[in-house]
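The primary structure of each chain is shown beneath.
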Amino acid sequence: MPHDYRNDAVHPTLRRAHALAQTSLDDAEAGADGLGRAAYGACKVLESDGAGGLTDFTMGGHVTKEAWSLNPYAGCLHACAYCYVPDTIHAERKRWGSYVMVKRDLPTRLARSVAKAEKAGLKHTVYLSTATDPYQPAEAEHRITRKCLEILVRRDWPVEVLSRSPLLLRDLDLFTQLSQVRVGMSVPTLDDKVRRVLEPSAPAIPARLRALRKLSDSGIATFANYTPACPPTTHDADAVARTFLAAGAQWVNSKGLDRKQTVLAPLWERLRGGPWEDLTKFFASNERQAAWRAELDAAFRAIGLPLSVPFFNPPFEWMTTPLPEPTTQTRITDLPRIPMVIER
């Protein structure tokens with residue numbers, strides 16, 4: 001089937017969705033009646049079986065089989081206006097944010113995938129997640145992300161986590177058991193009033209920054225994703241840089257708005273007639289975004305906080321230099337005896 005779905009009824013993943021059967025992966029935690037929450041406000045909660053697992057994650061160009069993507073849910077409650085996922089999975093943008101699909105049997109499928117990948121020598125970085133938020137509200141009940149992390153921890157796989165939710169702090173006990181882990185928080189604006197318009201169901205910005213601080217204080221490699229980089233409404237470039245530094249981010253990834261053809265219209269629908277209407281024009285202009293990026297570059301450089309461009313960090317395997325082979329130091333007593341020659 002060609003990848004032009006844009007009709008969720010025939011989408012190979014979304015068409016699997018059916019009514020929720022139970023609250024969580026463990027019946028013991030399902031509550032007295034065993035019934036799950038069928039909706040979060042206007043967002044319906046569904047579930048599926050047989051969907052997902054380790055997915056080959058292309059890190060740009062034609063590089064494949066170098067990293068894995070793992071998405072415990074399909075859909076996302078956060079309803080961000082500029083979300084790229086409807087485009088990459090060919091879902092209906094008008095419905096995005098109105099549903100979340102719990103991949104009920106994903107931990108079982110992941111365990112099989114991990115064993116198979118290890119046998120094939122493909123123990124690569126796993127990205128949680130590239131097409132959903134692994135810690136959106138449904139995770140508090142269903143714990144699919146945590147169950148998957150437990151599998152990865154047992155096998156000590158390298159993991160990168162990216163979320164908008166402080167709920168990820170719940171899994172600090174698992175993050176700290178991994179030999180290689182990075183945890184990031186998406187914070188595209190520092191103005192929480194703007195966030196309420198562009199990301200109406202996502203956690204508040206101050207809560208995200210506090211979560212970053214706690215992650216960093218816990219010894220986790222911590223970064224912020226300032227993408228798409230909203231222009232200054234409450235913070236100039238210097239204040240943006242210092243806020244992320246104070247929040248404990250060890251580096252920040254940031255880029256402008258992509259996918260203008262599909263994203264600008266939803267942005268305009270949310271912003272028109274309001275105090276931030278000009279944001280649509282800002283995101284439509286490459287020149288204005290480039291000028292803002294130049295200000296950010298200078299501000300971050302001035303305080304020594306790294307500012308990068310990629311949305312996702314490179315796999316750990318691309319960044320780690322293998323340790324040299326162990327050597328055995330020769331003891332002096334093992335050296336051959338050389339006759340001493342005395343010149344007269």
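Scroll up to find the structure this text is about.
Residues numbered from 1 in each chain as written. Predicted model: local features only at pLDDT ≥ 70, side-chain atom pairs only at ≥ 80, totals over all residues. Heavy atoms only, no water.

A separate point is the overall build of the protein. Along the protein, the regular secondary structure elements total 12 helices and 13 strands. By residue count, 49% of the 344 residues in the protein fall in the buried class. Expressed as a percentage of contacts within the protein between residues at least 6 apart in sequence, the contacts between residues at least 24 apart total 77%. Of the roughly 17100 Å² of accessible surface on the protein, 54% is carried by carbon and sulfur atoms. (Helix = DSSP H or I, 4+ residues; strand = E, 2+ residues; numbered from the N terminus. Buried < 20%, exposed > 50% of the residue type's maximum accessible area, 1.4 Å probe, protein only. Contact = heavy atoms within 4.5 Å. Areas by Shrake-Rupley, 256 points an atom, 1.4 Å probe, with all protein chains shown as cover.)

A few words now on the pattern of salt bridges. What the rule picks out here adds up to 19 salt bridges. The residue Arg 195 makes a salt bridge to Asp 192 at a minimum N-O spacing of 3.0 Å. You can see Arg 195 and its partner Asp 192 sitting in helix H6 (residues 192-198), 3 residues apart, about one turn around the helix. The salt bridge partner of Arg 288 is Asp 278, with a shortest N-O separation of 2.7 Å. Of this pair, Arg 288 sits in helix H11 (residues 286-303) while Asp 278 sits in helix H10 (residues 278-284), and the two are 10 residues apart along the sequence. Several salt bridges share partner residues, and in doing so they unite Glu 139, Arg 146, Glu 150, Arg 170, Asp 171 and Asp 173 into one network. (Salt bridge = Lys/Arg side-chain N within 4 Å of Asp/Glu carboxyl O.)

The next thing to look at is the packing of aromatic side chains. When we look at a pair of aromatic rings, we describe it by the centre distance and by the angle of the planes. The full count for this structure, using the stated rule, is 6 aromatic pairs. On the numbers, 5.8 Å between centres and 85° between planes, the contact of Tyr 127 with Phe 312 is edge-to-face. Pair noted here: Tyr 127 is in strand S8 (residues 126-128) and Phe 312 is in the loop between strand S13 (307-308) and helix H12 (316-319), with a separation of 185 residues, a long-range link. When the ring of Tyr 226 is compared with that of Phe 244, the centres are 5.6 Å apart and the planes differ by 65°; the resulting orientation is edge-to-face. Of the two residues, Tyr 226 is situated in strand S11 (residues 221-226) and Phe 244 in helix H8 (residues 237-246); the sequence distance between them amounts to 18 residues. One aromatic cluster is present, formed by Phe 57, Tyr 127 and Phe 312 through successive ring pairs. Positioned over the ring face of Phe 316 is Arg 182, at 3.9 Å from the centre of the ring. (Phe/Tyr/Trp six-rings, centres within 6.5 Å; stacked < 30°, edge-to-face > 60°. Lys NZ or Arg CZ within 6 Å of the ring centre and 35° of its normal.)

Take the environment of Ala 111 next. Checked against the element boundaries, Ala 111 lands in helix H2 (residues 106-119). Note: C-alpha distance between Ala 111 and Gly 53 (58 residues apart in sequence) is 8.8 Å.

Moving on to the pairing of strand S9 (residues 159-163). Counting buried residues along S9, 5 of its 5 residues qualify, which places the element largely inside the surrounding structure. Of the two faces of S9, the one carrying Val 159, Val 161 and Ser 163 and the one carrying Glu 160 and Leu 162 are both buried.

Another point: the nonpolar core. Nonpolar side chains tend to gather and get buried jointly when the protein is soluble and globular. Among the nonpolar cores identified, the biggest contains 81 residues, and Leu 152, Phe 175, Phe 244, Val 252, Leu 267, Leu 296 and Phe 300 are the most heavily contacted of them. By residue number, the principal contributor to this core is helix H4 (residues 144-154), which donates 6 residues. Apart from residues lying up to four places away in sequence, Phe 175 is in contact with Tyr 135, Leu 149, Val 161, Leu 168, Val 181, Val 183, Leu 215 and Ile 220. In terms of nonpolar packing, the next biggest core, distinct from the first, is built from 7 residues, Phe 57, Ala 67, Tyr 127 and Trp 251 among them. (Core = buried A, V, L, I, M, F, W, Y, C linked by side-chain atoms within 4.5 Å.)

Turning to the sheet that holds S13, a few remarks are in order. Strand order in the open sheet made by the 8 strands is S4-S5-S8-S9-S10-S11-S12-S13, with mixed pairing throughout. Across the chains shown, the open sheet's two edge strands, defined by having one partner strand only, are strand S4 (55-56) and S13. Of the pairings in the sheet, the one linking strand S12 (residues 251-254) to S13 comprises 2 bridges and is parallel in character. The partner of Val 252 across the bridge, within S13, is Leu 307. (Pairing = 2+ DSSP bridges.)

Keep in mind that these numbers describe shape and distance, not what the molecule does.
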